[in-house]
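Chain by chain, the residues:
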Amino acid sequence: MSSRLLLLFVGLVAASSTLALSSLREEVELVARPAEGDAVEGRTRLRLAVEERDVTFHVDGAPGTEADRRRAFLVTRDLRWQDSLAEIDGGRVLTLDRTFGDLVGGSTLAGLDETFREPTGTSPLDGATVRFGWNDREGSYDVELDQGPDVDADEEERVLATLAPIVDFAGLLPEGPVEVDATWEAEPAALGAALAPLGFVEIDFEGQRLVALGSYTGFTAPGLPPIPERWWGAPAFDAWDEGGRVDVTVGASETRDGRRVARLDVEANVRARGDVGPWLERFRGPRVEIEVERLAVETRLEGEGTLEWDVDAGRAIAWTFEGRIELDLDAKWALQERNRYELDALRSMEGRLETSTTLTAGRGERRER
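Below, the structure is looked at part by part. (Residues numbered from 1 in each chain as written. Predicted model: local features only at pLDDT ≥ 70, side-chain atom pairs only at ≥ 80, totals over all residues. Heavy atoms only, no water.)

1. A closer look at the overall build of the protein
Definition in use: A helix here means a DSSP run of H or I that spans at least four residues, while a strand means a run of E at least two residues long, and both kinds are numbered starting from the N terminus. Whether a residue is buried, partly exposed or exposed follows from its accessible area with a 1.4 Å probe, protein chains only, as a fraction of its type maximum: under 20%, in between, or over 50%, in that order. Every residue pair with non-hydrogen atoms within 4.5 Å of one another is taken to be in contact. Only the protein chains shown count as cover for residues, and all accessible areas are computed by the Shrake-Rupley method using a 1.4 Å probe.
When helices and strands are counted, the protein shows five helices and 15 strands. By residue count, 46% of the 369 residues in the protein fall in the buried class. Excluding contacts between residues fewer than 6 apart, the proportion of contacts in the protein whose partners are at least 24 apart in sequence is 73%. Summed over its atoms, the accessible surface of the protein is roughly 18400 Å², and 47% of this surface lies on carbon and sulfur atoms.

2. Points about the nonpolar core
Let me state the cut-off plainly: For the purposes of this section, nonpolar cores are sets of buried Ala, Val, Leu, Ile, Met, Phe, Trp, Tyr and Cys residues that join through side-chain atoms within 4.5 Å.
Judged by nonpolar contacts, the single largest core of 60 residues is most densely connected at Leu30, Phe100, Leu125, Leu172, Leu191, Val246 and Trp319. Phe100 has contacts with Arg80, Trp81, Leu125, Asp126, Gly127, Ala128, Val130, Leu163, Leu198 and Val201, leaving out every residue within four places of it along the chain. With 13 residues, the next largest nonpolar core counts Val276, Ala331, Leu335 and Leu343 among its residues.

3. Regarding unusual backbone geometry
At Phe169, a position not held by glycine, the phi torsion is positive, near 55 degrees. Mapped onto the elements of the fold, Phe169 is located in the loop between helix H2 (156-161) and strand E9 (178-179). Taking relative accessible area as the criterion, Phe169 reaches 6% and is therefore assigned buried. Of note, the phi angle at Asp181 is positive, near 80 degrees, even though the residue is not glycine. Within the secondary structure layout, Asp181 lies in the loop between E9 and strand E10 (183-186).

4. Let's talk about helix H3 (residues 188-195)
Note: α-helices contain 3.6 residues per turn, so residues at a spacing of three or four share the same orientation. Where burial is concerned, most of H3 is hidden: six out of the eight residues are buried. Those residues of H3 lying buried are Pro188, Ala190, Leu191, Gly192, Ala194 and Leu195.

5. Describing the pattern of salt bridges
Two side chains of opposite charge can pair, provided their charged atoms sit close to one another. The condition that has to hold: The salt bridge criterion pairs a side-chain nitrogen of Lys or Arg with a carboxyl oxygen of Asp or Glu, the two atoms within 4 Å.
For the structure shown, the criterion picks out 25 salt bridges. Note that Asp78 and Arg45 form a salt bridge whose closest N and O atoms lie 3.7 Å from each other. Of the two residues, Asp78 is situated in strand E4 (residues 71-89) and Arg45 in strand E2 (residues 38-59); the sequence distance between them amounts to 33 residues. A residue is classified by how much of its surface remains accessible, and Asp78, at 17% relative accessible area, is buried. A salt bridge links Glu254 to Arg256; the shortest N-O distance between them is 2.9 Å. We classify Glu254 as partly exposed; its relative accessible area is 40%. Classification of Arg256 by relative accessible area gives partly exposed; the value is 31%. Because the salt bridges share partners, they merge into one network encompassing Arg53, Glu298, Arg300, Arg324, Glu326, Asp328 and Glu350.

6. Focus on the packing of aromatic side chains
The geometry of two aromatic rings is summed up by the distance between their centres and the angle between their planes. Where we set the bar: A pair of Phe, Tyr and Trp rings is counted when the ring centres sit within 6.5 Å of each other, with Trp represented by its six-membered ring. The angle between the planes then sorts it: under 30 degrees is stacked, over 60 is edge-to-face, the rest tilted.
Using the criterion set out here, one finds three aromatic pairs in the structure. Measuring from ring centre to ring centre gives 6.2 Å for Phe169 and Trp319, while their planes differ by 45 degrees; the resulting arrangement is tilted. Placement of Phe169 in the loop between H2 and E9 and of Trp319 in strand E14 (residues 315-336) is noted, with a sequence separation of 150 residues between them. Residues Phe169 and Trp319 agree in their burial class; the two are buried. Taking the centre distance of 6.0 Å and the plane angle of 20 degrees together, the rings of Trp319 and Phe321 count as stacked. The class for Trp319 is buried, based on a relative accessible area of 0%. With relative accessibility at 1%, the residue Phe321 sits in the buried group.

So, in structure tokens, the structure goes:
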């Protein structure tokens with residue numbers, strides 16, 4: 001081979017290597033691109049299985065008879081909904097209609113030589129349509145109920161107050177274009193939004209919210225902290241503090257059914273703690289008086305998740321997360337129903353948290369009101 005041909009061959013090999021390297025390191029732009037007229041159907045599932053590790057408590061000043069006896073607790077939630085983007089301006093969703101489908105949840109306590117199963121509950125928002133409208137003056141969304149026969153007029157504001165208006169997982173996205181294998185850090189609140197993309201959707205057990213709340217706050221035997229939707233990014237909590245790390249990496253980018261899909265791998269080690277007593281008093285059952293002296297919660301979560309992102313459409317396709325969770329609760333409160341009941345307790349639990357969300361998009365019809 002002549003020197004000229006050899007140089008040409010080497011040049012071609014180098015060029016092809018450079019092209020291959022460039023294709024591997026091509027930048028991907030991951031941004032949310034809401035489109036007017038889109039209708040996104042979603043389903044999110046949650047499974048929390050924990051076991052009591054340590055517990056000490058006093059009832060009416062005397063040591064509890066159930067101390068040091070282990071229990072296992074399971075919480076499940078399955079929520080379906082559809083978001084219709086009615087009005088967009090400059091990338092901001094100005095008007096959004098959310099129609100809720102099946103909203104169910106349940107809990108089971110195993111231990112103490114028995115199994116206590118709360119009845120499967122549904123939500124007063126089941127079948128309801130809620131409209132979110134951007135309030136430019138307030139810099140937030142106004143929310144109103146369009147239809148929902150199961151929502152009592154006196155309870156409407158409370159039921160709607162903690163819903164999240166946008167389901168887009170944008171908090172996990174980078175600030176600009178990134179290459180495959182690039183890593184950045186997201187806020188713990190972004191993980192909270194991903195774990196609960198609808199915010200706090202209330203589940204009603206046999207018309208008595210205290211039963212649902214009791215499963216998480218110490219009114220019933222397990223004594224778990226408030227529901228998982230409120231552990232991160234919780235504006236309803238007072239004196240709430242959160243920290244830790246959430247690292248996101250672009251794991252792969254591929255073409256699927258003619259569309260570019262990026263996979264974002266999430267590693268999280270976060271904790272949240274604060275006082276949820278005022279929140280509990282606002283969301284207590286209607287027939288029970290509660291006096292809360294303290295209700296301090298600390299939650300620690302370590303796990304991994306995967307977010308699939310449609311690069312062309314600018315929206316999430318699917319999200320899964322699994323992790324190990326630890327829960328500590330320090331509570332002192334009094335309950336007055338037929339008799340006065342006082343509890344002073346320290347509880348620790350640990351177990352697994354699993355959640356998933358799937359989303360499919362199409363063109364929706366704008367409903368006039």
